[in-house]
Amino acid sequence: MTSNVVTVENLVKTYPRITAVDSISFKIDEGEIFGFLGPNGAGKTTTIRMLLTLIKPTSGKITVFGVDALTDPAKVRQISGYVPQDLSVDGDLTGYENLLMYSKLYGVPRDGREKRIRSVLENMGLQDRSGDLVNTYSGGMMRRLELAQSLVNRPKVLFLDEPSIGLDPNARSIIWDFVKNLRNEFGTTIFITTHDMNEADALCDRIAFIDKGRLVAIGKPSQLKSTVGGDLLMISSKTPGCGAKLKGLGYQVISNSPEGNFEMLVSNGERVIPRLLEDLKANGMIVESVALKKPTLDDVFQKYTGTKIAEEGETSVEVRRTRRTLRKLRR
Amino acid sequence: MMSLTTYLSSILTLAEFELRKLRHDSSQIWIRGVQPALWLLIFGEAFSAIRGIPTGGFTYLQFLTPGILAQSVMFVAIFYGITLVWERDLGLLNKLLSTPVPRSAIVLGKALSASVRGVFQALVVLALALILGVNLAVNPLSVLGVLCTIVLFGVCVSCLSMGLAPIFRTRERVMGIGQLLTMPLFFASNAIYPTSIMPDWLRVIAIVNPLSYAVDAMRALLVTGDFSTIPQDIIALLVATAILATMASLTLKRMVS
């Protein structure tokens, strides 16, 4: 039996002109990787900042490992780790110094400090560059250092705000592996915000869709995807009467074109294909091609909100790149 | 509740890493030392020739040196709010605020960081004054006293700057407000002439101006040798610092929301 270690009830954050977070409630289990998936401006960062006690909610209740975040914020901060979307390591210090500074600020005992810093550096593969100024690091290395930095206080719950935004695929997979390892080896509870459905699908045990400050759906990726109504199976056949035959065989045909392209909704499409082909062959139909499209989280999101997540992705990547560049320009 | 030692060690940690940054790039100390040096060299030498300013039997350069020491720290500290805005823009401030360190300790730690920079600059100015042959009472006690005054005054002014940063929010505006304040703070003080030559209304400003107290304490230590006003100088600076630090701590959270 797992226990809820983060509970959020009717959380609201309003600003003079907008409601950033509109009465959301959810629970996270211990050792779970929980994802907030939604487009930019949906309220993801505002939520993460409220959970970390950086901004005060307008109303609602948050508890983290039994600690009330509104009445005892310092205690929540002590057990939390945070990797913000923006930069969180100082380019004018070395990698090692960034870690040392934060282990001191978190009050890590002097005798365990060096060992802990060395272990997070090795964990992130940064031990060889730890003596260099962070300004000389690549984007991926900075990100790994930020992750290392978020671990110096051995957090019980780690908050990652868009952890792989602006990274190349290689750096991204390093981050993903790291997050999974952290949960598998240490049982750390992890809260991730992302607008990348692939990231949410690859990493998260459960996902909450957030749009315009509201939670629109919550569940396991597989559960969510099954709500779209199954897989899309597409065949093309020039044999006349194929559409009628498909319907006759009991398939749910949702579109057919005069050129002989048919689309139908099925469950477990990969198992349906062999049977379908045999059925059609037995009925004298010649199939030219078959294609299967599994539902994506984006399809689910679209079902609940009528919009897609993906299109807006680029802007914040740009923002982050600009920030990194700014950082380098300062030298 | 956090213990006092943890509180103090958080403040010192923030200042320690500012020092480490200076060690990585020490050129900025020398560059920033040029302006106060020019005040001594150009302004000081020119006004020495006028002899129109009552300096109580001391040469004008003797009189001026503590004023320039305080000024050099003030120029660093009054713009420290820009650093805060910059760190907010980058995201570093958010990260810092996500640690259990209390807001007031963050403010004091950052303020001490500004002072640390000021101390190095002051040493450059002091060395230059000695090279120029200014007759100063330089001994371990007076130098220590001067450094303590500089640290306290630097904390005081950078708290003012950090208190203003969340109100003005952008680097440009904080820069503007710093420039706006520099002028009255510097000229309505005893830094380059005694307050006795001022009209009454201006003297009132000089009396509430923390710079006057920092200059007075350093002038006593380095020039006059009359320590009788030092306790009141220090108390005035401590009171001003307490008020400004409280203000800055309270407004800090507005910085990120």
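In the block above lies the structure referred to throughout.
Anyway, here's the lowdown on the structure attached to this text. Along each chain, numbering runs from 1 in the same order as the chain's sequence is written. Here chains are named by letter from A upward and ligands by number from 1 upward, in the order in which they appear as written. Local features in a predicted model are, by the rule used here, given only for residues with pLDDT of at least 70; side-chain atom pairs are given and counted only at 80 or more, and totals for whole chains, interfaces and linings are based on all residues. Processing note: side-chain calculations cover all non-hydrogen atoms of the structure and skip hydrogens and water entirely.

Turning our eyes to something else, we now look at the packing of helix α6 (residues 103-131) of chain B against helix α7 (residues 140-168) of chain B. All names here are of chain B. Only the contacting stretch of a helix is used when fitting its axis, a line to C-alpha atoms as for every element, and angles between N-to-C directions run 0 to 180 degrees. Going along the chain from the N terminus, every DSSP run of H or I of four or more residues is numbered as a helix, and every run of E of two or more is numbered as a strand. Interaxial distance between α6 and α7 falls to 7 Å at its minimum, and their mutual angle equals 130 degrees. Classified by the angle between their axes, α6 and α7 sit oblique to one another. The handedness of the crossing between α6 and α7 is right-handed. Of the residues in α7, those in contact with Val107, Leu108, Lys110, Ala111, Leu112, Ala114, Ser115, Gly118, Val119, Ala122 and Leu123 of α6 are Leu147, Ile150, Val151, Gly154, Val155, Ser158, Cys159 and Met162. Gly is put with the polar residues, along with every residue not named as nonpolar or charged; the nonpolar set is Ala, Val, Leu, Ile, Met, Phe, Trp, Tyr, Cys and Pro, and the charged set is Asp, Glu, Lys and Arg. Looking at side-chain class alone, the contact of α6 with α7 contains 14 nonpolar, four polar and one charged residues. Should an angle lie under 35 degrees it is considered roughly parallel, over 145 roughly antiparallel, and from 65 to 115 roughly perpendicular; all remaining angles are considered oblique. Helix crossings get a hand from a simple test, with the near helix turned counterclockwise from the far one by less than a right angle marking a left-handed crossing and a clockwise turn marking a right-handed one. Whether two residues are in contact is decided by their heavy atoms: any pair within 4.5 Å suffices.

What follows concerns the packing of aromatic side chains. For Phe, Tyr and Trp, rings pair up if their centres lie within 6.5 Å, where Trp contributes its six-membered ring, and each pair is then called stacked (planes under 30 degrees apart), edge-to-face (over 60) or tilted (otherwise). Under the definition given, this model contains 15 aromatic pairs over all chains. Look at A:Phe36 and A:Phe191: their rings are 5.1 Å apart centre to centre, the planes differ by 50 degrees, and that puts the pair in the tilted class. Of the two residues, A:Phe36 sits in strand β3 (residues 33-37) while A:Phe191 sits in strand β8 (residues 189-194), which places them 155 residues apart along the sequence. Take A:Phe36 and A:Phe191: they sit in the same class, and that class is buried. Measuring from ring centre to ring centre gives 6.4 Å for B:Phe75 and B:Phe186, while their planes differ by 65 degrees; the resulting arrangement is edge-to-face. Of this pair, B:Phe75 sits in helix α3 (residues 60-78) while B:Phe186 sits in helix α8 (residues 171-187); the two residues are 111 residues apart in sequence, bridging distant segments of the chain. A network of ring pairs unites the aromatic residues B:Trp39, B:Phe43, B:Phe47, B:Tyr60, B:Phe63, B:Phe75, B:Phe186 and B:Phe187 as a single cluster. A ring is scored as having a charge over it whenever the NZ atom of a lysine or the CZ atom of an arginine sits within 6 Å of its centre and within 35 degrees of its normal. When the ring centre of A:Tyr102 is taken as origin, the NZ or CZ atom of B:Lys95, which lies over that ring, is 5.4 Å away. Looking at B:Arg219, its charged tip hangs above the ring of B:Phe63, at a distance of 3.6 Å from the centre. A 1.4 Å probe rolled over the protein chains alone gives each residue an accessible area, and that area as a share of the maximum for its type sets the label: buried under 20%, exposed over 50%, partly exposed in between.

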